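Here is how the chains run, residue by residue.
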Amino acid sequence: MRPEISGRISNEKRYPVTDTSLARSGTASRTQRQVIVALVRYGMFIALAIWLIAMSLSSEYFLTLTNFLNVLRQAAPLIIIGTGMTFVMATAGIDLSVGATVALISVLAASWLSFGLPVLVVLPLVLLVGILIGALTGYIVTLGVPAFVVTLAGLTSIRGVAFVYSDGYATPINDPVMIWIGRGDLFGINAPFLIAMVVAVIGWFVLNRTRFGLHTLATGGREEAARVMGLGIDRIKIMVYALTGGLAALGGIVISARLSNGSPNAGVMLELEVIAATVLGGTSLFGGRATIAGTVVGALLINFVRNGLNLMGVNPYWVQVVTGIILVVAVLMNTVLNRRVESWARATTEEDEE
Amino acid sequence: MSVNHIEMRNIYKSFGAVTALHDVSLELQAGKVLGLVGDNAAGKSTLMKILAGAIPPSRGEILIDGKPATYSSPIGARESGIEMIYQDFALVPELTVAQNIFLGREITRSFGGIRVLDRKKMNERARKLFSSLGLRVPSVTLSVQALSGGQQQAVAIARATGFDARLVIMDEPTANLGAPAIEKVRDTITGLKEAGVSVIIISHRLEDIFAIGDYMMVMKQGRVVGRRDVHDTDNAEIVEMIVTGQDPRRAGKAVA
Ligand SMILES: Nc1ncnc2c1ncn2[C@@H]1O[C@H](COP(=O)(O)OP(=O)(O)OP(=O)(O)O)[C@@H](O)[C@H]1O
Ligand SMILES: [Mg+2]
């Protein structure tokens, strides 16, 4: 005899769709369900693959190495900052100030370089500025102000500082190290994408293999449980915002280096693209579930879509519209569909047990 | 006479304007089972969260084996051998069974000088833990949100009893459980007691405490109404104490 605790506590409060979808799952066969589960779980990977195939068929230039490397370079800042955003969202937070931080770092780096400060001093210094901005944001979040509000305030005030500091003017950058960061390459792969890959791999490692990553997910999954298990929630929150601030600074360096100037207009609307890439990849807006690989794919998808539409000669304003639509679809999949599908997956697992 | 394993002295706790506990004291010898009963909002969970280090008392003292306890966090309490099963289980739904069991005290190994999670070892240990407790979950690598309520409770029990605890606190361990599951929880408590572990159970089901408990403590509105040996009382008396908030054996002495 197998002793077992078999009582049931209703999950209805937490997962309102569970019961209806379980009931409905009776109508779909098990294989059908497994296919749908896979479709939603890996939807973005599939969407990216389909888009790549469709575009290769419609444009000769799309499938060239030059074009691919170009798209990877464009996606780099999104991947770099998205890695930080993935951590923030894992704690059920959000950071709307990353685009503004990019602008501030851009003008600071250009200006300090123009004063004749050596690049190896300027780079650590601006990274530190980004980290401090993030740490301050995180600290205010731990006081109980919603992250949305704190970082919305950051969005306007940090960009404001960038404009005040630069008087609204762009400053050219011609430091050789910066030029390399923006346009150089190693083994045929451009520097921005290389930097992005290093960041993503380290980010993946920290999120999935270390205590810090696990505690980040636990904080976002259920904060009260994480707290009574003794996790340092405030420290974790300050650290994820500091990380994102630092990565926004790194993204700012890459963007300014690529454009060869420091401008207070750098990174406008970038926060939305970063959030879109992260959510597209499957990281939950409500915390507890996060994937760096997904964020990388989300960033690539956004950039390949833009690139494909550009190649087809579509009006750039339509590209913005399409990006918006993709975001809505992604959030829909992220919230409603995913929850329903997870309960199907659960039903499937339970059948497997029998 | 030996010293008490656990002693709480004059614990006072207020949440702003609400006073949840007015100078509550509690004593428990090692290897004994105490039932903590009382109406809703009596302060039972608050008292136990203070003992488990999850919330700090406004005033008062905790002694373990006669020595003042110095912990101020759940980690500290766990290091002193105090584990708690929370009323809502305190599990993170997105994490796996094994991740929840080791949350906050993960096993790590060195990976080129960096501490990384030793997932294999934790999964292995979690599996062993379940089989030694006779509890069953589909898989320790499944996320907790995919488990039924009873299975989630099994995870919470495994987490609290799997780390050489000396005191296990259970907040409503049998609420919402079916009869076979309640039987299993009772067996678990009896097993802990035989191993010399002290247990405090908060329960609205008096029959559970009469079945496995040694003592009872009745609370109402943040005060202790009275204490009893389970063999020296009956259901009717306890119910009367819970409802009236008066100890009938002190009638006449106490001025309400
Ligand atoms: N975090 C908190 N903030 C404010 N008030 C609280 C808090 N926690 C508990 N209280 C108050 O303290 C009192 C005691 O609550 P507690 O949860 O300890 O009761 P209980 O005896 O466990 O009740 P139940 O049987 O319903 O679980 C209640 O009046 C409650 O509202
Ligand atoms: Mg309670």
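Residues numbered from 1 in each chain as written. Chains lettered and ligands numbered in written order. Predicted model: local features only at pLDDT ≥ 70, side-chain atom pairs only at ≥ 80, totals over all residues. Heavy atoms only, no water.

*Asks:* How would you sum up the site of ligand 1? Please name residues and give values.
*Replies:* Residue and element names in this part refer to chain B. Around ligand 1, the structure places F15, A20, N40, A41, A42, G43, K44, S45, T46, Q87 and H204. Within the backbone of G43, an N or O atom sits 3.0 Å from an oxygen atom of ligand 1. Note that an oxygen atom of ligand 1 is positioned 2.8 Å from one of the side-chain N or O atoms of K44. Protein contacts shield 63% of the accessible area of ligand 1, which totals 640 Å² for the unbound molecule. It is helix α1 (residues 44-51) that contributes the most residues to the shell around ligand 1, three residues altogether. (Near = heavy atom within 4 Å. Polar contact = N/O pair within 3.5 Å; in protein donor to acceptor, adjacent residues only side chain to side chain. Areas by Shrake-Rupley, 256 points an atom, 1.4 Å probe, with all protein chains shown as cover. Helix = DSSP H or I, 4+ residues; strand = E, 2+ residues; numbered from the N terminus.)

*Asks:* Go over the layout of surface pockets with me, naming the residues and quoting the values.
*Replies:* Residue and element names in this part refer to chain A. In this model, the second largest pocket occupies a volume close to 940 Å³. As for the second largest pocket, its lining consists of 28 residues, and the residues nearest its centre are V268, M269, L270, E273 and R306. Contributions of two or more residues to the lining of the second largest pocket are made by α4 (65-90), α12 (233-259), α13 (270-280), α14 (292-311) and α15 (316-353). For the lining of the second largest pocket, the element with the most residues is α15, which contributes seven residues. For the lining of the second largest pocket, the per-class residue count stands at 16 nonpolar, eight polar and four charged. (1 Å grid on protein atoms, 1.4 Å probe; cavity = no way out; pocket = protein on both sides within 12 Å on 5 of 7 lines; lining within 4 Å. Points joined across faces, edges and corners; volume = space filled by probe spheres on them. Nonpolar A, V, L, I, M, F, W, Y, C, P; charged D, E, K, R; others polar.)

*Asks:* Kindly report on the interface of chain A and chain B, identifying the contributing residues and their values.
*Replies:* On the chain B side, the residues contacting the 35 residues of chain A number 49 residues. Across the chain A to chain B interface the summed buried area is about 3,600 Å²; carbon plus sulfur atoms make up 60%. For the interface between chain A and chain B, the tally reads six residue pairs in polar contact (both at pLDDT 80 or more). A total of six residues in the side of chain A that touches chain B trace back to one element, the largest contributor, which is helix α10 (residues 211-221) of chain A. Tallied by class, the residues present in the side of chain A that touches chain B amount to twelve nonpolar, eleven polar and twelve charged. (Contact = heavy atoms within 4.5 Å. Buried area = accessible area lost by both parts, 1.4 Å probe.)

*Asks:* Could you give an account of the sheet that holds strand β9 (residues 167-171) of chain B, with specific residues and numbers?
*Replies:* All names here are of chain B. With mixed pairing, six strands are arranged side by side in an open sheet as β6-β9-β10-β3-β11-β12. Each end of this open sheet is capped by a strand with a single partner; those strands are β6 (82-85) and β12 (223-229). Neighbouring strand axes in the sheet, compared pairwise and without regard to direction, differ in orientation by 15° on average. Where strand β3 (residues 33-38) lies against strand β11 (residues 215-220), five bridges are found, and the strand directions are parallel. Within β11, the position partnered with L34 by the bridge is Y215. (Pairing = 2+ DSSP bridges. Axes fitted to C-alpha atoms, helices over the stretch in contact; angles between N-to-C directions.)

*Asks:* Can you explain the pairing of β6(B)? Please cite residues and give values.
*Replies:* Residue and element names in this part refer to chain B. Burial along β6 is two-sided: the residues I82 and M84 and E83 and I85 are all buried. Pairing between β6 and β9: four bridges, direction parallel. What sits directly across from E83, in β9, is V168. (Buried < 20%, exposed > 50% of the residue type's maximum accessible area, 1.4 Å probe, protein only.)

*Asks:* Give a detailed account of the side chain of A:T244, specifying residues and quantitative values.
*Replies:* All names here are of chain A. In this fold, T244 is placed in helix α12. Classification of T244 as buried rests on a relative accessible area of 0%. Leave out the neighbours within four places in its chain, and T244 touches G84, M85, V88, D95 and V98.

*Asks:* How would you sum up the sheet that holds strand β5 (residues 67-68) of chain B? Please name residues and give values.
*Replies:* All names here are of chain B. Strand order in the open sheet made by the four strands is β2-β1-β4-β5, with antiparallel pairing throughout. Each edge of the open sheet is held by one strand with a lone partner, namely β2 (18-28) and β5. In this sheet, β2 lies alongside strand β1 (residues 6-15) in antiparallel orientation, the contact comprising seven bridges. By the bridge assignment, E7 is partnered in β2 with E27. Relative to the sheet, α1 contacts β1, β2 and β4 (59-64), its axis offset from that of β1 by approximately 120°.

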